[in-house]
Amino acid sequence: MPKDTSIRSVLIIGSGPIIIGQACEFDYAGSQAALSLKDEGIEVSIINSNPATIMTDKVIADHVYLRPLTVASIEEILIERKIDAVLPTMGGQTALNLCIEAEERGIWEKYGVRIIGVDTAAIEKTENREAFRQLMVDIGVGVAPSKIANSFLEGKEAAQEIGYPLVIRPSYTLGGSGGGFVHKKEEFDAALKRGLEASPTHEVLVEKAVLGWKEYELELLRDSNDNVIIICSIENFDPMGIHTGDSITVAPAMTLSDRCYQDMRNQAIKMMRAIGNFAGGCNVQFSVNPDNDDIIAIEINPRVSRSSALASKATGYPIAKIASKLAIGYNLDELENQITKTTSAYFEPTLDYVIVKVPRWNFDKFKGANMELGLQMKSVGEVMAIGRTFIEALQKACQSLEIGRAGLGADGKHVRNIEDIMHGLEHPSWNRLFLIKDAMTMGVPLESIRKVTRIDKWFLSQIQELVFLETELKRYSLNNIPKDFFFTLKQKGFSDIQIAYLLGNVTEDEVYDRRKSLGIKRVYKMVDTCAAEFNAQTPYYYSTFEDENESISSDKKKVIVLGSGPNRIGQGIEFDYSCVHGLLAAKESGFEAIMINCNPETVSTDFNMADKLYFEPVFWEHVREIIELENPVGVIVQLGGQTALKMAEKLDGMGIKIIGTSYNDMDVAEDRGRFSDLLKELDIPYPKYGVAENAEEAIVVANEVGYPVLVRPSYVLGGQGMSIVINDEDLEKAVVKLLGDLPGNRVLIDHFLDRAEETESDSISDGEDVHIVGLMEHIEPAGIHSGDSFAVLPPFGLSEKVMNDMETYSKKIARALNVIGLLNIQFAVKNEKVYVIEANPRASRTVPFIAKAYDVPYINIAAKIMLGVNKLKDFTIERKLVGYAIKEPVFSYDKFPEVPKELGPEMKSTGESIRFIKDLEDPYFLKLYKDKSMYLSK
C-alpha cells in the first residue's frame, strides 16, 4: 500500500529529560523518525522538554515545541497547528503514557488526530500485567505463573499461592522502577509496598521468579499487510534476574539453538499480531530454560525501545526510520534498504560480526547506594563494540567504557582478594565481568564460576581463553613474540597497553612500533546488513585484524570529530548534540566529516550524520590508527567533553592539528596554577588557591588559603571527586580518597566563597572578536554543581555592574587563552565582586540550552569558526527569547531510595528540562526566587 496521503502533518511526542531507564536512545529514534517523515513531504512538529537533544533542534523538525510533556501542552499545539496524526512510539514510556492520557480525555478525537505506529488497545494489553498474562495464555505462549494484585492483601495471597522466590513487576513503569525479587517471606512486605507505590495504577504482578534462566530479545517490524520481519536477536550475557538495561548483551544470539530460535521467532510474531493490528516496531523479551529450552514470554513493548537503537546500530537497519514510514502506510517491500540502496527493506539482516553492549554505571555519584544489580535498572548509559568474534568485541567494549580499563583485565587493576571476588560473582554489580576474569586468573574453576553466576558456559570459556593467552604471552619478550601469536592476540582484542603490561618493562608505543614492523595493523570492515551478499553504499565501519581493508581513504580534505563515549553523569547527551553540529558544520564547509564514537544510543552514530562513521572506542590506540589511515587536516576535540579532550595532549605530541583552541591554551585553563597566574596577570579576581600532591601538602595549602576549601582533582568532568571541607581532619580524608580513586592526579584546593551567588557565561571567540552567547544566574548558591542548579537566562537579579564585569572578564580570558571556538566560565559573586571559579574552552552542557532558548545555532557557528571557514563578523545573530528561560535539573533518585538527596560540588543530575516564563511574576519563578533567598540567607 502506498503512503497515506491524508496524513500531511504529524506530531512526534518526545521522552523528556534523560533519566535512568529512558536515555538518549529516544533522541536518536525521534530524530530518525522526524527526518524520515520530512523526506515524505510531511510537516513534522515535535514536543519535548529536553533542550540538550538534537531532536529538539530545527535541523530535525519543522516546528519544535520545548514545552512540558502534559496534555495541556499537547492541546495548545493542536489549537495552534493543524495536526493529522500523532506518533507516540518514539518517546519511550513517557510518550505512550501521555498519548493514553490524551485519548482518555478525548483530546485526539476532539481535534481529529489519528494515532499512528501503535494503537492504545495494544499499549493497554502490554502495560497492564494481567491483560498481558491472560493474552499470552489465550494464544498459547508460555508465561511464568503469576497473579495480579491491587492491594496489600491481594499481594500476600498471591505470594502464598505462587511461592518463593518471586518477582514483583509494577504496571506502567519504566526501567523496572519499583520492581524487585523476593527470595524469602520476610522481604515481601517492603517489596510489595514499593511496587504498589511505583505503579501509577497501584497494580503489580506477583510472578514466579525464573532465576538463572537465559534471557533474549527480538526486534520486530510489521507493515499494514501483516508482513513481519525480525531485525535482530539479542542475547543477555547475564541470566534472568538482572534488568536487560543493566545486562551485557550480545548480537546475534550466541548460544541459542536453531530449533529454539525458530520457536521463539514464531511466538514473537504471534504475540505482535495478537496485541493489535498496527504497523510499526515491537521489542519482545523471552526467557529460556537452559536445561530443556522451554520458552516463556517476559514482555512485549509496542514501541521503539532501548534495544531498538542497539539493534539499529548493530545491523545497520534503521528501525525508527522504517517504522515511521510504515506508520504512514508504506509496506516493507515498497521501501528501500538504506544501506544497499538496491534491495528492499523487506528482509532480515545477516551479521558476519558480533556486537557486544556493556552498560555504564555511575555508582560513584550515589554514595551509599545499593550497588547490587536486579530488576530495577541502575545504569546511566552504555557502549557498543563490533568485532569479528565475541571476545574481540567484548575487549573493545571494555576499552570504550571510560573507566580507565585497557580491556578485560591485564592492566594492573585486578582484584586479588578471593573472598571479595566470590562475593562479587554471587552479588552482581558494575564490575562482575572483570571479577569473572580475575577469578579465572587466580585459578577458580570455570564450573565453580558458572554455578555462582549462572552465566552460560560458552561465554565463560571465551573469557577463559584470554587467561590462557596471557599465560602464553608471558613466556616471551617483545622482540621474540612470534608474528602469528602476536596477530592472534590482536584478533582476541588485546590492546597494546595490555600487551605491554603483561610483558613488563615495555611501553604501549614500543608494542605499537613492534607490531607495525611485523605488518600487524587494523583493517576496517563495513557494516552492510547482508554479510557482503550485496554491495553496500553506506560508509559505516568497525576495525578488526584481517587482510582486507574495506575503508578506502579519499583525497578530500577531512575532519575527524571525536565523540563523547557512553552517556554518564557529567557528560551527557548535550555533548552528542555538539558533535552532531560539528559534523554538519564540517560537511557544510566542504570537508569530509568523519565520526569516531562508541555509543549506540546517540544521533552522532547514525550513519547518515557523518560522511564516514567509525564505530570504535574513543580510546587512544583506535583513534591513532584511524588518523593514520585517514590523514585528516585536523581533529575536533572541543565538542566531545572530557572523553575527547583527554586525547588532546597525545594528538598535540604527535603533531596532529587540533582544530580550534590549541592544546597548550586548553591546558592553561585546566592547570589551576597556570590559570590563576593568567588571572592575576589580567587583574581578574579569583579565590585563593593551591595545588597539592598528597594530604600533608594539602593541609599546608588549606591553612594558607583559609577554610572552608573546595577540594577537587584536575582534568575531570561533572565535579567528579569534588568536596567542600572545613577542617584538617576532613581534608585529609577527602584527599586520601580522591588520590585513591584517581591515582596520579593532583589536588586543587580553592578557598570556598561561602554564601556567594554562582553565575556563568558562554561565549564564542574567533581569535579576535568575542561574542557573549549568554549569561546565566543560578538559583542555588556557589558550592552546588552548576549541572545540578536551576539556572535562569538572562540573569534576573544581578546588577548592571556584575553583568558588565562578567562580560569583560569573559572577553579578556577568551583573548588571553587564544580561544577559537567555545568558552564557558563559571563565576562566584559576593558583595558585588565577581570572582572567576573556572574556565572551560570547550563545549559545555549549557550551550545547547542557550541555543534553544535564544533560537540561535551557536554550536554550528562555533564549529565553522573552529574550522577556519568563518569569522564572527560573517554571522548575523538575532536572539528571539521573550522573557526568561529556566534550566531545570532532573534527578534519578528513585533508583537509589537509600541515598541522601543532598547536593554539593559533585554533579548528580541525569538530565534537564527547559521552561519558559514571560516575566518575573510567574508563580513558578517566584517559588524559585524564594528558594534562592533562603539559600543565601543560610
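Residues numbered from 1 in each chain as written. Predicted model: local features only at pLDDT ≥ 70, side-chain atom pairs only at ≥ 80, totals over all residues. Heavy atoms only, no water.

Section: the sheet that holds strand 7 (residues 166-170)
Pairing between sheet strands relies on hydrogen bonds along the backbone, with the strands arranged either parallel or antiparallel.
Phase 1 of the analysis: Strand order across the open sheet formed by 4 strands is 6-9-7-8, with antiparallel pairing between neighbours. Each edge of the open sheet carries a strand with a single partner, namely strand 6 (146-149) and strand 8 (180-182). On average, each strand axis in the sheet is inclined to that of its neighbour by 25°, with strand direction left out of account.
Phase 2 of the analysis: Pairing of strand 7 with strand 8, which is carried by 3 bridges, proceeds in the antiparallel orientation. Residue pairing across strands places Ile-168 opposite Gly-180, the latter belonging to strand 8.
Phase 3 of the analysis: Sitting on the sheet, helix 7 (residues 152-162) touches strand 6, strand 7 and strand 9 (204-208), and the angle it makes with strand 6 is about 170°.
Phase 4 of the analysis: Relative to the sheet, helix 8 (residues 188-198) contacts strand 6, strand 7, strand 8 and strand 9, its axis offset from that of strand 7 by approximately 20°. (Pairing = 2+ DSSP bridges. Helix = DSSP H or I, 4+ residues; strand = E, 2+ residues; numbered from the N terminus. Axes fitted to C-alpha atoms, helices over the stretch in contact; angles between N-to-C directions. Contact = heavy atoms within 4.5 Å.)

Some thoughts on a nonpolar patch on the surface
Phase 1 of the analysis: Taken together, the side chains of Met-371, Ile-403 and Trp-430 present a nonpolar region at the surface, about 250 Å² in accessible area.
Phase 2 of the analysis: Tracing the backbone shows Trp-430 in the loop between helix 13 (418-426) and helix 14 (432-441).
Phase 3 of the analysis: Accessibility expressed as a relative area gives 37% for Trp-430, which makes it partly exposed. (Patch = residues over 30% accessible without salt bridge, like charges linked within 9 Å, V, L, I, M, F, W, Y side chains within 5 Å. Areas by Shrake-Rupley, 256 points an atom, 1.4 Å probe, with all protein chains shown as cover. Salt bridge = Lys/Arg side-chain N within 4 Å of Asp/Glu carboxyl O. Buried < 20%, exposed > 50% of the residue type's maximum accessible area, 1.4 Å probe, protein only.)

A closer look at the pattern of salt bridges
One side chain can pair with another of opposite charge once the charged atoms of both are near each other.
Phase 1 of the analysis: Considering all chains together, one arrives at 58 salt bridges under this definition.
Phase 2 of the analysis: Its salt-bridge partner being Asp-456, residue Lys-214 comes within 3.0 Å of it at the nearest N-O pair. With a gap of 242 residues between them, Lys-214 in strand 10 (residues 214-222) and Asp-456 in the loop between helix 15 (446-453) and helix 16 (457-473) connect regions that are remote in the sequence.
Phase 3 of the analysis: In this structure Lys-214 comes out as buried when scored by relative accessible area, which is 15%.
Phase 4 of the analysis: When the shortest N-O distance is used, the salt bridge between Lys-650 and Glu-508 registers 3.8 Å. Pair noted here: Lys-650 is in helix 23 (residues 648-653) and Glu-508 is in helix 19 (residues 508-517), with a separation of 142 residues, a long-range link.
Phase 5 of the analysis: On the accessibility criterion, Glu-508 (15% relative accessible area) is buried.
Phase 6 of the analysis: Within the structure, one salt-bridge network assembled from shared partners comprises Asp-352, Arg-388, Lys-525, Glu-546, Glu-548 and Glu-550.

Observations regarding the environment of Leu-221
Phase 1 of the analysis: By the element assignment, Leu-221 lies in strand 10.
Phase 2 of the analysis: Leu-221 gets classed as buried once you look at its relative accessible area, which sits at 0%.
Phase 3 of the analysis: When the C-alpha atoms of Leu-221 and Ile-322 are compared, they prove to be 8.5 Å apart, with 101 residues separating the residues in sequence.

Considerations on the sheet that holds strand 12 (residues 249-251)
Phase 1 of the analysis: Taken in spatial order, the 7 strands make up an open sheet running 14-13-10-11-12-15-16, and their pairing is antiparallel. One side of each edge strand has no neighbouring strand; the edge strands of this open sheet are strand 14 (295-301) and strand 16 (381-387). Strand after strand, the sheet turns through a mean of 25° between neighbouring axes, direction not considered.
Phase 2 of the analysis: Relative to strand 15 (residues 354-360), strand 12 is paired through 3 bridges, and the arrangement is antiparallel. Within strand 15, the position partnered with Val-250 by the bridge is Val-356.
Phase 3 of the analysis: Sitting on the sheet, helix 11 (residues 319-327) is in contact with strand 10, strand 11 (228-236) and strand 13 (280-288), with an inclination near 45° to strand 10.
Phase 4 of the analysis: In this fold helix 12 (residues 390-400) packs onto strand 12, strand 15 and strand 16, with an angle of close to 140° to the strand it touches most, strand 16.

Re the pairing of strand 18 (residues 540-544)
On a regular strand, each side chain points to the face opposite its neighbour's, so the side chains alternate between the two faces of the sheet.
Phase 1 of the analysis: Buried residues dominate strand 18, accounting for 5 of its 5 residues.
Phase 2 of the analysis: Summarising the sheet, strand 17 (residues 523-526) and strand 18 pair through 4 bridges and their orientation is antiparallel. If you follow Tyr-524 over to strand 18, its bridge partner there is Ser-543.
Phase 3 of the analysis: For strand 18 and strand 21 (residues 612-615), the ladder comprises 2 bridges, and the chain directions are parallel. Of the residues in strand 21, the one forming a bridge with Tyr-541 is Tyr-614.

Describing the pairing of strand 21
Phase 1 of the analysis: Residue alternation in strand 21 divides its side chains into two sets, Lys-612 and Tyr-614 and Leu-613 and Phe-615, and both sets are buried.
Phase 2 of the analysis: Pairing geometry for strand 20 (residues 592-597) and strand 21, over 4 bridges, is parallel. Paired with Met-595 across the bridge in strand 21 is Leu-613.

Comments concerning the packing of helix 20 (residues 573-588) against helix 30 (residues 858-866)
Phase 1 of the analysis: Viewed as axis vectors pointing N to C, helix 20 and helix 30 meet at an angle of 55°, and their least axial separation amounts to 8 Å. With respect to helix 30, the axis of helix 20 lies oblique. The element helix 20 and its partner helix 30 pack so that their crossing is right-handed. Counted together, Tyr-577, Ser-578, His-581, Gly-582, Leu-584, Ala-585 and Glu-588 of helix 20 and Ile-859, Asn-860, Ala-863 and Lys-864 of helix 30 form the full contact between these two elements.
Phase 2 of the analysis: For the contact of helix 20 with helix 30, a count of residues per class yields 5 nonpolar, 4 polar and 2 charged. (Parallel < 35°, antiparallel > 145°, perpendicular 65-115°, else oblique. Left-handed = near helix turned anticlockwise from the far one by under 90°. Nonpolar A, V, L, I, M, F, W, Y, C, P; charged D, E, K, R; others polar.)

Observations regarding the layout of surface pockets
Phase 1 of the analysis: In this structure, the second largest pocket encloses a volume near 990 Å³.
Phase 2 of the analysis: For the lining of the second largest pocket, the secondary structure elements donating two or more residues are strand 8, helix 8 and helix 15.
Phase 3 of the analysis: Here the element with the most residues in the lining of the second largest pocket is helix 8; it accounts for 4 residues.
Phase 4 of the analysis: Residue classes in the lining of the second largest pocket are distributed as 12 nonpolar, 12 polar and 11 charged. (1 Å grid on protein atoms, 1.4 Å probe; cavity = no way out; pocket = protein on both sides within 12 Å on 5 of 7 lines; lining within 4 Å. Points joined across faces, edges and corners; volume = space filled by probe spheres on them.)

Remarks on the nonpolar core
Phase 1 of the analysis: Residues Ile-12, Tyr-317 and Val-356 are the most contacted members of the largest nonpolar core, which totals 151 residues.
Phase 2 of the analysis: Every residue in contact with Val-356, bar those within four places of it in the chain, is listed here: Ile-248, Thr-249, Val-250, Val-383, Met-384, Ala-385, Phe-390, Ala-393, Leu-394 and Ala-397.
Phase 3 of the analysis: Core analysis: the next-biggest nonpolar cluster, separate from the first, contains 32 residues, Ala-253, Met-271, Phe-278 and Ala-297 among them. (Core = buried A, V, L, I, M, F, W, Y, C linked by side-chain atoms within 4.5 Å.)

Observations concerning the side chain of Ser-844
Phase 1 of the analysis: Secondary-structure assignment places Ser-844 in the loop between strand 31 (833-840) and helix 29 (846-854).
Phase 2 of the analysis: A polar atom in the side chain of Ser-844 sits 2.9 Å from the side chain of Asp-762. (Polar contact = N/O pair within 3.5 Å; in protein donor to acceptor, adjacent residues only side chain to side chain.)

Here's the deal with the environment of Glu-25
Phase 1 of the analysis: Structurally, Glu-25 is set in helix 1 (residues 25-39).
Phase 2 of the analysis: Along the backbone, Glu-25 and Val-304 are 279 residues apart, and their C-alpha atoms lie at a distance of 8.9 Å.
Phase 3 of the analysis: For Glu-25, the residues in contact, after removing those within four places along its chain, are Ser-305, Arg-306, Ala-309 and Glu-601.

Some remarks on the packing of aromatic side chains
Each aromatic ring pair is characterised by the separation of its centres together with the angle its planes make.
Phase 1 of the analysis: This structure, assessed with the given rule, holds 20 aromatic pairs.
Phase 2 of the analysis: Ring geometry for Tyr-353 against Tyr-542: centres 5.4 Å apart, planes inclined by 55°, an arrangement best described as tilted. With Tyr-353 in the loop between helix 11 and strand 15 and Tyr-542 in strand 18, this residue pair connects regions lying 189 residues apart in the sequence.
Phase 3 of the analysis: Tyr-542 sits in the buried class, given a relative accessible area of 0%.
Phase 4 of the analysis: Centroid distance Phe-796 to Phe-925: 4.8 Å. Interplanar angle 80°. Geometry classified as edge-to-face. Of this pair, Phe-796 sits in the loop between strand 29 (791-793) and helix 28 (800-816) while Phe-925 sits in helix 31 (residues 923-937), placing them 129 residues apart in sequence. The exposure classification of Phe-796 matches that of Phe-925, with both residues buried.
Phase 5 of the analysis: For Lys-313, the ring lying beneath its charged end belongs to Tyr-28, and the centroid distance is 3.9 Å.
Phase 6 of the analysis: The lysine or arginine in question, Arg-915, covers the ring of Tyr-924, its NZ or CZ lying 4.1 Å from the ring centre. (Phe/Tyr/Trp six-rings, centres within 6.5 Å; stacked < 30°, edge-to-face > 60°. Lys NZ or Arg CZ within 6 Å of the ring centre and 35° of its normal.)

Structural notes on the packing of helix 1 against helix 11
Phase 1 of the analysis: For the pair helix 1 and helix 11, the least separation of the axes is 8 Å and the interaxial angle reads 45°. As the angle between them shows, helix 1 and helix 11 are arranged oblique. In the crossing of helix 1 with helix 11, the sense of the turn from one axis to the other is right-handed. Where helix 1 abuts helix 11, its residues Ala-29, Gln-32, Ala-33, Ser-36, Leu-37 and Asp-39 lie against Ile-319, Ala-320, Lys-321, Ser-324 and Lys-325.
Phase 2 of the analysis: Partitioning the contact of helix 1 with helix 11 into residue classes produces 5 nonpolar, 3 polar and 3 charged.

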